[in-house]
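Breakdown of the fold
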Amino acid sequence: MLKVLLPIVLAPAILCTTITFTTHRQNRAEFTYVSGPEPETLDPPLLTGFLEGRIVAALFEGLTQYEPKDLSPIPGIASHWNVSEDGRTYTFYLRDTKWSNGEPLTAHDFVYSWKRALDPITAADYAYQLYYIKNARPFNEGRLTDFSQVGVRAVDDYTLEVQLENPTAFFLDLTSFPTLMPVNRKCAEAHGDDWTLPENMVCNGPFRLAEWKINDRIRMEKNPFYWDAQHVKLQSIDALAIESINTGFNVYETGGADYLYGVPLPLVETLSDRKDFHSHVFLATFFLRFNVTAPPFDDVRVRKALDMAIDKEGIVKYVTRGGEIPAATLVPPGMPNYQPPEGLPFNPEEAQRLLAEAGYPGGHGFPKTEYLFNTSEANKDIAEVIQQMWKKYLGIDVTLVNQEWKVFLSTVKNLDYQIARGNWIGDYVDPNTFLDMFVTGGGNNRTGWSNRRYDQLIEAAAEEKDEDKRMEIFREAENILVADDLPILPVYYHVSLDMYRPHVKGVSPNLLNIHPWKYVRIDRETN
Amino acid sequence: MAIVLLIIATASFFLMRFAPGGPFDKERTLPEAIEKNLRAKYHLDRPLAVQYIIYMGGLIRGDLGPSFKYRNRSVNTIIAQSFPISLTLGIYALSLAFIVGVSAGTFAAVNKHSALDYTTMSITLLGISLPNFFLGLILLLLFCFELPLFPAAGWGRPGQMVLPILTLAAPFTAYIARLMRASMLDVLSQPYIRTARAKGLSEFQVVSRHALKNAITPIVSFMGPAAAAVLTGSIVIEKIFAIPGLGTHFVNAALNRDYTLVMGTVLLYSFLLVLFNLAVDIAYSFIDPRVRL
């Protein structure tokens with residue numbers, strides 16, 4: 001009987017093994033990093049996440065690219081550009097560059113790519129990054145079908161002219177962004193959704209795509225047609241798709257990778273003394289949202305009391321412990337030229353006074369309140385500490401409620417909460433990426449808060465050309481947000497926690513935790 | 001079988017849509033117009049009944065639709081890439097469990113109440129009671145950190161397969177061994193075995209030629225549910241060892257409200273469950289002549 005069963009069981013096993021070994025590469029790339037979960041897409045205008053952004057930035061290059069240290073825009077495919085007197089017209093002069101198939105890349109490619117990104121059929125999440133361009137929004141919303149009215153045109157093969165709605169000071173930051181990167185027309189039209197597969201993809205960045213195995217790895221190889229190929233050091237890169245942060249750490253720790261994005265939180269304290277541990281301020285803030293449309297949080301005194309009764313220093317020191325920075329504002333530190341307002345201090349006495357003034361002395365008569373967060377250990381720890389602090393300093397009882405992620409999102413969106421955990425990662429290095437979130441009716445506002453002065457200021461900032469004045473306007477707006485009205489309660493600024501081996505050179509820490517791989521090299525000699 | 005699958009497809013299609021939150025709900029709310037574009041692209045703007053008909057139409061043609069989360073991948077591609085890996089892992093684990101379990105169980109039964117018997121049975125008790133994520137971590141600690149013999153994660157090289165297969169096989173091996181021991185003891189006390197011994201056959205011949213065939217029946221019936229359990233059990237192991245199998249998608253698709261991928265994985269798993277049970281029924285008829293199909 002076993003004689004019959006064994007071959008039946010073993011034959012498929014042998015077959016599967018053969019498939020596994022013939023379809024999986026066994027050699028290792030020159031540089032391997034743990035990238036995180038499986039990338040959602042590698043189609044530049046479709047992507048939304050950081051880990052996809054890192055890969056796409058290696059494969060594609062926009063008009064500008066990030067300076068590796070301060071992330072300011074430096075020439076990419078455009079060698080230089082002019083900005084008109086009124087700040088509304090940008091003229092980009094393109095280098096003579098080639099796609100990875102050797103064909104020339106021209107200004108027409110950018111016109112096509114931006115049209116594609118805005119086309120309702122493409123359904124790009126981030127199409128709104130192009131809304132600063134004249135008439136881009138109505139085109140994306142389907143109200144305008146004639147693309148020639150949208151403010152982008154190719155003057156000749158190597159000159160691109162862009163008309164903006166407003167003098168958008170951070171427009172050159174956006175041209176480094178994946179949404180605005182060029183896509184090869186022939187390739188995208190010939191292969192449809194499959195154009196990003198390794199056998200089809202035509203790209204224009206320092207590297208090209210050699211292999212993409214779902215939930216396994218992405219292999220990139222140096223692109224010989226890249227205009228600056230002489231300065232690209234690495235020959236090949238593996239981006240490992242490892243979902244579990246613990247597994248990622250195991251791989252790094254046992255020598256399976258040179259670079260690790262994200263460190264298991266319980267290990268942070270132990271690892272923080274090591275030479276290969278790197279922590280840096282990140283462009284992201286953890287905060288709480290108040291639903292200001294219903295009592296008791298329609299009263300600003302209650303909101304302020306709750307803010308001033310939280311010892312944020314204690315939270316980062318004893319709960320998060322990754323080197324996070326306590327926050328009194330929404331915009332994280334490190335924005336060039338921006339001086340943030342002071343926000344509210346930790347002051348339990350003042351908090352108690354405000355709460356009494358609002359009609360709840362010592363927390364008496366305070367309505368039943370729920371604190372909503374999406375299910376995760378880290379969120380729960382923070383929620384519990386805040387709950388205790390409010391109990392201790394204000395005498396109010398708050399119930400903790402957790403929901404699965406998607407349920408949480410829809411609850412918050414429908415304003416079906418009282419206090420909810422919030423988080424925001426900036427897209428570009430400008431206060432606008434945080435502050436325009438809370439304009440009246442903004443999709444990410446989700447607090448029900450509306451302040452006419454605030455709206456006016458955000459609008460004024462968009463039209464202001466003078467950098468110092470613009471920052472002053474933002475400061476005034478943020479002061480309304482975090483000191484006067486407080487629809488949100490900032491808790492702390494995130495940090496990026498990475499590890500990389502000493503032989504990985506050319507990595508510069510920065511706010512977005514983006515390290516263009518073209519500058520990275522492996523040097524095992526000098527340490 | 002087709003009817004069972006149709007019911008499952010229909011039920012999961014509608015249940016999925018009733019879950020709060022949708023595939024396009026993210027930390028960043030999309031501008032209304034953009035969400036409208038997305039919904040139109042994936043037919044979510046049509047009435048539910050129409051969506052159902054579109055989906056079933058695709059299903060009949062063998063097209064499971066595009067994934068909502070992995071924007072450039074179809075569900076067919078995702079399954080085609082990841083399922084063979086889960087299958088490989090499962091087949092190896094199950095074969096290992098079968099071979100080791102049956103041998104250990106037989107061995108323990110033949111030498112019952114000896115020190116060997118007690119040792120084997122104690123180990124199997126441990127194997128059953130240890131949750132496999134825990135066992136996986138212990139193995140990782142021992143063979144990746146303390147004694148670096150195997151890589152910590154990944155798939156493709158033979159070394160990378162050892163720890164996940166061992167972890168996955170452990171509880172099944174243990175269970176089969178205990179089942180086999182009990183069944184073998186039962187068979188060995190039967191009159192026909194006494195006859196075989198009386199004929200002067202060696203103990204090895206008695207066990208291998210006469211007892212084994214009858215004693216193995218309960219193991220075969222266990223293999224059906226075991227195959228199903230291996231598939232679901234591998235979800236945890238795929239996560240610990242970062243194996244690019246289907247288990248990860250099975251869990252994440254539901255969390256992401258990736259409707260089509262949920263449907264695809266649910267249908268595949270259901271199909272396999274039905275198939276395994278059928279296979280066990282067929283196998284019975286080979287082993288036990290009293291069973292007729």
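Rules and cut-offs
- Residues numbered from 1 in each chain as written.
- Chains lettered and ligands numbered in written order.
- Predicted model: local features only at pLDDT ≥ 70, side-chain atom pairs only at ≥ 80, totals over all residues.
- Heavy atoms only, no water.
- Helix = DSSP H or I, 4+ residues; strand = E, 2+ residues; numbered from the N terminus.
- Rg over C-alpha atoms; globule rule 2.2 N^0.38 Å.
- Buried < 20%, exposed > 50% of the residue type's maximum accessible area, 1.4 Å probe, protein only.
- Contact = heavy atoms within 4.5 Å.
- Areas by Shrake-Rupley, 256 points an atom, 1.4 Å probe, with all protein chains shown as cover.
- Buried area = accessible area lost by both parts, 1.4 Å probe.
- Salt bridge = Lys/Arg side-chain N within 4 Å of Asp/Glu carboxyl O.
- Domains from an automatic or database assignment.
- Polar contact = N/O pair within 3.5 Å; in protein donor to acceptor, adjacent residues only side chain to side chain.
- Axes fitted to C-alpha atoms, helices over the stretch in contact; angles between N-to-C directions.
- Parallel < 35°, antiparallel > 145°, perpendicular 65-115°, else oblique.
- Left-handed = near helix turned anticlockwise from the far one by under 90°.
- Nonpolar A, V, L, I, M, F, W, Y, C, P; charged D, E, K, R; others polar.
- Pairing = 2+ DSSP bridges.
- Phe/Tyr/Trp six-rings, centres within 6.5 Å; stacked < 30°, edge-to-face > 60°.
- Lys NZ or Arg CZ within 6 Å of the ring centre and 35° of its normal.
- Patch = residues over 30% accessible without salt bridge, like charges linked within 9 Å, V, L, I, M, F, W, Y side chains within 5 Å.
- Core = buried A, V, L, I, M, F, W, Y, C linked by side-chain atoms within 4.5 Å.
- Expected span 1.5 Å × (residues − 1).

1. Section: the overall build of chain B
Secondary structure summary: chain B contains 12 helices and zero strands in total. Compactness check: chain B gives a C-alpha radius of gyration of 24 Å against a globular reference of 19 Å for 293 residues, more than 25% above the reference. Reported as C-alpha extents along the three principal axes, the dimensions of chain B are approximately 85 × 55 × 30 Å. Relative to its full complement of 293 residues, chain B shows a buried share of 50%. Across chain B, the fraction of contacts at a sequence separation of at least 24, relative to all contacts at a separation of at least 6, is 72%. In the form shown here, chain B has an accessible surface area of approximately 13600 Å², with 70% of it arising from carbon and sulfur atoms.

2. Looking at the environment of A:Ala305
Residue and element names in this part refer to chain A. In this fold, Ala305 is placed in helix H9 (residues 300–308). Each C-alpha atom, one on Ala305 and one on Pro502, is 47 Å from the other, the two residues being 197 residues apart in sequence. In this structure, Ala305 is in contact with Ala351, Leu354, Leu355 and Leu394, ignoring residues within four places of it in sequence.

3. What to know about the interface of chain A and chain B
You'll often see interface size given as the accessible area lost when the parts meet. On the side of chain B, 59 residues touch chain A, which itself brings 67 residues to the contact. Both sides together, the interface formed by chain A and chain B hides about 5500 Å², and carbon and sulfur atoms give 57% of it. Together, A:Glu40, A:Ile214 and A:Lys406 form the three largest contributors to the area buried by chain A at its contact with chain B, with a combined 14%. At the surface where chain A touches chain B, the tally comes to five salt bridges.

4. Observations concerning the domain arrangement of chain A
Residue and element names in this part refer to chain A. In terms of domains, chain A is made up of domain 1 (31–233 + 501–519) and domain 2 (282–495). Taking only C-alpha atoms, the centre of domain 1 and the centre of domain 2 are 33 Å apart. Opposite the 20 residues of domain 1 that make contact, domain 2 presents 18 residues. Both sides of the domain 1 and domain 2 interface together cover about 1500 Å² of buried area, and 63% of this is carbon and sulfur. The tally of links between domain 1 and domain 2 comes to zero salt bridges. On the surface where domain 1 and domain 2 come into contact, there are four residue pairs in polar contact (both at pLDDT 80 or more).

5. Side note on the packing of helix H4 (residues 75–110) of chain B against helix H10 (residues 217–240) of chain B
All names here are of chain B. Between H4 and H10, the shortest axis-to-axis distance is 9 Å and the interhelical angle comes to 130 degrees. With respect to their mutual orientation, H4 and H10 come out oblique. The element H4 and its partner H10 pack so that their crossing is right-handed. Of H10, the residues touching H4 (which contributes Ser86, Leu89, Gly90, Leu94, Phe98 and Val102) are Ile219, Met223, Ala226, Ala227, Val230, Ser234 and Glu238. Along the lines of polarity and charge, the residues of the contact of H4 with H10 split into nine nonpolar, three polar and one charged.

6. A short note on the packing of helix H1 (residues 2–18) of chain B against helix H12 (residues 259–287) of chain B
Residue and element names in this part refer to chain B. Put simply, H1 and H12 touch, their axes get as near as 10 Å, and they point 150 degrees apart. Relative to H12, H1 is oriented roughly antiparallel. Remark: the crossing between H1 and H12 carries right-handed chirality. Taking contact as the criterion, the partners of Val4, Leu5, Ile8, Ala9, Ser12, Phe13, Met16 and Arg17 in H1 are, on H12, Tyr259, Val262, Met263, Val266, Leu267, Ser270, Phe271 and Val274. Here the contact of H1 with H12 is composed, by residue class, of 13 nonpolar, two polar and one charged.

7. Considering the side chain of A:Thr175
Mapping A:Thr175 onto the fold places it in the loop between helix H5 (171–174) and helix H6 (185–191). For A:Thr175, the side chain forms a polar contact with the main-chain oxygen of A:Leu172, separated by 2.9 Å.

8. A closer look at the pairing of strand S11 (residues 217–222) of chain A
Residues and elements named next belong to chain A. Both strand S10 (residues 207–213) and S11 contribute to a ladder of six bridges, which runs antiparallel. Bridging from a neighbouring strand, Lys213 pairs with Arg217 of S11. Two successive antiparallel strands, S10 and S11, enclose a turn made up of three residues, where Asn215 displays a positive phi of approximately 60 degrees. Strand direction decides the pairing type here: S11 and strand S12 (residues 236–241), joined by five bridges, are antiparallel. Residue pairing for S12: Arg219 is matched across the bridge by Asp238.

9. Quick word on the sheet that holds strand S4 (residues 78–83) of chain A
Residue and element names in this part refer to chain A. Across the sheet, four strands lie side by side as S4-S5-S9-S8; this open sheet has antiparallel pairing. The open sheet terminates on both sides in strands that have one partner only, identified here as S4 and strand S8 (152–156). Geometrically, the sheet is characterised by an average inter-axis angle of 25 degrees between neighbouring strands, direction not taken into account. Against the sheet, helix H3 (residues 107–118) makes contact with strand S5 (89–94), S8 and strand S9 (159–163), and its axis sits at roughly 170 degrees relative to S8, the strand it touches most.

10. Here we look at the packing of aromatic side chains
The description of an aromatic ring pair uses the distance of the two centres, along with the angle that the planes make with each other. Residue and element names in this part refer to chain A. Taken as a whole and assessed by the stated rule, the structure comprises 42 aromatic pairs over all chains. Aromatic pair Phe60 and Trp195: ring centres 6.1 Å apart, planes at 80 degrees, arrangement edge-to-face. In this pair, Phe60 is assigned in the loop between helix H2 (50–59) and strand S2 (64–66) and Trp195 in the loop between H6 and S10, connecting sequence segments 135 residues apart. Between the aromatic rings of Phe290 and Phe297, the centroid separation amounts to 5.3 Å while the plane-to-plane angle is 25 degrees, which identifies the pairing as stacked. Taking the relative accessible area as the measure of exposure, Phe290 reaches 0% and is therefore buried. Residue Phe297 is classed as buried on the basis of its relative accessible area, which comes to 1%. What links up through ring pairs into an aromatic cluster is the set Phe31, Tyr33, Tyr259, Tyr261, Tyr500 and Trp517. Geometry around Tyr261 places Arg54 over its ring, the cationic atom sitting 3.4 Å from the centre. Residue placement shows Arg501 over the ring face of Tyr252; its charged tip is 4.0 Å from the ring centre.

11. Observations concerning a nonpolar patch on the surface
Residues and elements named next belong to chain B. Together, Met1, Phe271, Leu275, Leu278, Ile282 and Phe286 line one region of the surface with nonpolar side chains, adding up to about 560 Å² of accessible area. Note on placement: Ile282 falls in helix H12. Here Ile282 falls in the partly exposed class, since its relative accessible area comes to 37%.

12. A word on the environment of A:Asn513
Residue and element names in this part refer to chain A. Its location among the elements puts Asn513 in the loop between strand S20 (504–505) and strand S21 (521–522). The exposure class assigned to Asn513 is buried, which follows from its relative accessible area of 5%. In the structure, Asn513 is positioned 252 residues away from Tyr261 in sequence and 9.4 Å away in space, judged by C-alpha atoms. Sequence-distant contacts of Asn513, defined by excluding residues within four places in its chain, comprise Arg54, Tyr259, Tyr261, Phe282, Ser496 and Asp498.

13. Let's talk about the nonpolar core
Residues A:Trp114, A:Leu160, A:Tyr371 and A:Trp390 are the most contacted members of the largest nonpolar core, which totals 176 residues. In contact with A:Trp390, other than residues within four places in its own chain, are A:Leu288, A:Leu306, A:Ala309, A:Ile310, A:Tyr371, A:Gly395, A:Ile396, A:Val398, A:Ile419 and A:Leu489.

14. A short note on H3(A)
End to end, H3(A) covers 17 Å across 12 residues, agreeing with the expected 16 Å (1.5 Å per residue, within 8%). A large share of H3(A) lies buried, amounting to 10 of its 12 residues.

15. Observations regarding the pattern of salt bridges
Residue and element names in this part refer to chain A. Taken as a whole and judged by the stated rule, the model has 34 salt bridges over all chains. Note that Arg353 and Glu357 form a salt bridge whose closest N and O atoms lie 2.7 Å from each other. With Arg353 and Glu357 both in helix H11 (residues 348–357) and four residues apart, the pair spans about one turn of that helix. When its relative accessible area of 43% is taken as the criterion, Arg353 is described as partly exposed. A relative accessible area of 41% places Glu357 in the partly exposed class. Across the salt bridge formed by Arg470 and Glu467, the nearest N and O atoms sit 3.4 Å from each other. Placement of both Arg470 and Glu467 in helix H16 (residues 467–484) is noted, with a separation of three residues, approximately one turn of the helix.

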